Amino acid sequence: GAGVSQSPSNKVTEKGKDVELRCDPISGHTALYWYRQSLGQGLEFLIYFQGNSAPDKSGLPSDRFSAERTGGSVSTLTIQRTQQEDSAVYLCASTPGQANTEAFFGQGTRLTVV
Amino acid sequence: KQEVTQIPAALSVPEGENLVLNCSFTDSAIYNLQWFRQDPGKGLTSLLLIQSSQREQTSGRLNASLDKSSGRSTLYIAASQPGDSATYLCAVRLTTSGTYKYIFGTGTRLKVLA
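Residues numbered from 1 in each chain as written. Chains lettered and ligands numbered in written order. Predicted model: local features only at pLDDT ≥ 70, side-chain atom pairs only at ≥ 80, totals over all residues. Heavy atoms only, no water.

With that settled, consider the sheet that holds strand E6 (residues 56-59) of chain B. Residue and element names in this part refer to chain B. As summarised here, the arrangement of the five strands in space is E1-E3-E8-E7-E6, forming an open sheet in which the pairing is antiparallel. The outermost strands of the open sheet, each flanked by one partner alone, are strand E1 (4-7) and E6. Strand after strand, the sheet turns through a mean of 15 degrees between neighbouring axes, direction not considered. As judged from the six bridges shared by strand E7 (residues 62-67) and strand E8 (residues 72-77), these two strands associate in the antiparallel manner. Note on E8: the bridge partner recorded for Asn63 is Tyr76. (Pairing = 2+ DSSP bridges. Helix = DSSP H or I, 4+ residues; strand = E, 2+ residues; numbered from the N terminus. Axes fitted to C-alpha atoms, helices over the stretch in contact; angles between N-to-C directions.)

Okay, here's the thing in structure tokens:
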């Protein structure tokens, strides 16, 4: 596609429910990142994919968070048993994979846990 | 641990002024530094990418410089316009083995007054 696409753009869920957030990177980009931006806070790294593997998942805040990537393309971030503190904007980025390349971000998914 | 700081946190200027945004980082072992803008409720838009071997990059009214040895980058905006109002974020890409993640500053919120 022309850019990084994320869906849904907005998600309201009840506390305790599971949610899935989707990221469709730019075609051909092998590296994919998930970040979280809480209200008034900076961007917090969650996980990095190179192809289908995740060499760095050090930012996942708890075992309720997981992510996968299939076919070296689409990635899904799953949050189980959501809590109110999970409310944030979840941003996805992709790059061609080489270290010296530019990162492109999607528009984000705004998650609200009520 | 890499820390990225942006000063000032907020800035308000009249239209037409030239301005400088600052970004500092604690560890010079980076692949590159990227400047982004973020409009309210939106994702990140890439502005400029500077490789670790470069000193500066220019795009239109924007000029970004990098002094890796001192851990500093500046974003210069010439002849500011109300449309430049946004939050500006800098991010460094780490060379830490096994990950190419970005560490973000907390941003400078810019308002250009008409």
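Take the pairing of strand E8 (residues 75-79) of chain A next. Residues and elements named next belong to chain A. For E8, the tally of buried residues reaches five of five residues, placing the bulk of the element in the interior. Neither face of E8 is left uncovered, since the one carrying Ser75, Leu77 and Ile79 and the one carrying Thr76 and Thr78 both have all their residues buried. Pairing between strand E7 (residues 65-69) and E8: five bridges, direction antiparallel. Counterpart to Ala67 in the pairing with E8 is Leu77. Adjacent in sequence and paired antiparallel, E7 and E8 are bridged by five residues, among which Gly71 carries a positive phi angle near 60 degrees. (Buried < 20%, exposed > 50% of the residue type's maximum accessible area, 1.4 Å probe, protein only.)

Moving on, we get to the pattern of salt bridges. As enumerated under the stated definition, the model contains six salt bridges over all chains in all. Close ionic contact of Arg64(A) with Asp86(A) constitutes a salt bridge, the shortest N to O distance being 2.8 Å. Taken together, the positions of Arg64(A) in the loop between strand E6 (53-56) and E7 and Asp86(A) in the loop between E8 and strand E9 (88-95) put the pair 22 residues apart, joining distant regions of the chain. Taken as a pair, Arg64(A) and Asp86(A) share a single burial class, namely buried. A salt bridge links Asp39(B) to Arg37(B), with the nearest nitrogen and oxygen atoms 2.7 Å apart. Classification of Asp39(B) as partly exposed rests on a relative accessible area of 26%. A relative accessible area of 15% means that Arg37(B) is categorised as buried. (Salt bridge = Lys/Arg side-chain N within 4 Å of Asp/Glu carboxyl O.)

The biggest cluster of nonpolar side chains holds 25 residues, and the ones touching the most others in it are Leu33(B), Trp35(B), Leu75(B), Ile77(B), Tyr88(B) and Val92(B). Elements represented by at least two residues in this core include exactly strand E3 (19-25), strand E4 (30-38), strand E5 (44-51), E7, E8, strand E9 (86-94) and strand E11 (108-113) of chain B. Ignoring sequence-local partners within four residues, the contact set of Leu33(B) consists of Cys23(B), Phe25(B), Leu48(B), Leu49(B), Ile50(B), Leu66(B), Ser73(B), Cys90(B), Ala91(B) and Val92(B). Judged by nonpolar contacts, the second largest core, of 19 residues, contains Ile26(A), Phe49(A), Tyr90(A) and Leu111(A). (Core = buried A, V, L, I, M, F, W, Y, C linked by side-chain atoms within 4.5 Å. Contact = heavy atoms within 4.5 Å.)

Turning to the layout of surface pockets, a few remarks are in order. Considered as a void within the structure, the largest pocket measures approximately 730 Å³ in volume. The wall of the largest pocket is formed by 30 residues, among which Gln37(A), Leu39(A), Gly40(A), Gln38(B) and Gly41(B) lie closest to the centre. Broken down by secondary-structure element, the contributors of at least two residues to the lining of the largest pocket are E9 and strand E11 (109-113) of chain A together with E9 and E11 of chain B. Looking at the lining of the largest pocket, the element that brings in the most residues is E11(A), giving four residues. The volume enclosed by the second largest pocket comes to roughly 300 Å³. Forming the walls of the second largest pocket are 15 residues, and the residues nearest its centre are Leu43(A), Phe45(A), Lys1(B), Gln2(B) and Ile103(B). Looking at the lining of the second largest pocket, the elements with two or more residues in it are strand E5 (43-50) of chain A together with strand E10 (102-104) of chain B. A breakdown of the residues in the lining of the second largest pocket according to their chemical character gives eight nonpolar, three polar and four charged. (1 Å grid on protein atoms, 1.4 Å probe; cavity = no way out; pocket = protein on both sides within 12 Å on 5 of 7 lines; lining within 4 Å. Points joined across faces, edges and corners; volume = space filled by probe spheres on them. Nonpolar A, V, L, I, M, F, W, Y, C, P; charged D, E, K, R; others polar.)

For the rest of this paragraph, the subject is the state of the cysteines. Residue and element names in this part refer to chain B. Taken as a whole and assessed by the stated rule, the structure comprises two disulfides over all chains. Shown here is the disulfide that connects Cys23 with Cys90, its sulfur atoms set 2.0 Å apart. On the sign convention where negative is left-handed, the bridge of Cys23 and Cys90, at about 75 degrees about the S-S bond, is right-handed. Here the residue Cys23 occupies a position in strand E3, and Cys90 occupies one in strand E9, the gap between them amounting to 67 residues. In this structure Cys90 comes out as buried when scored by relative accessible area, which is 0%. (Disulfide = S-S within 2.5 Å.)

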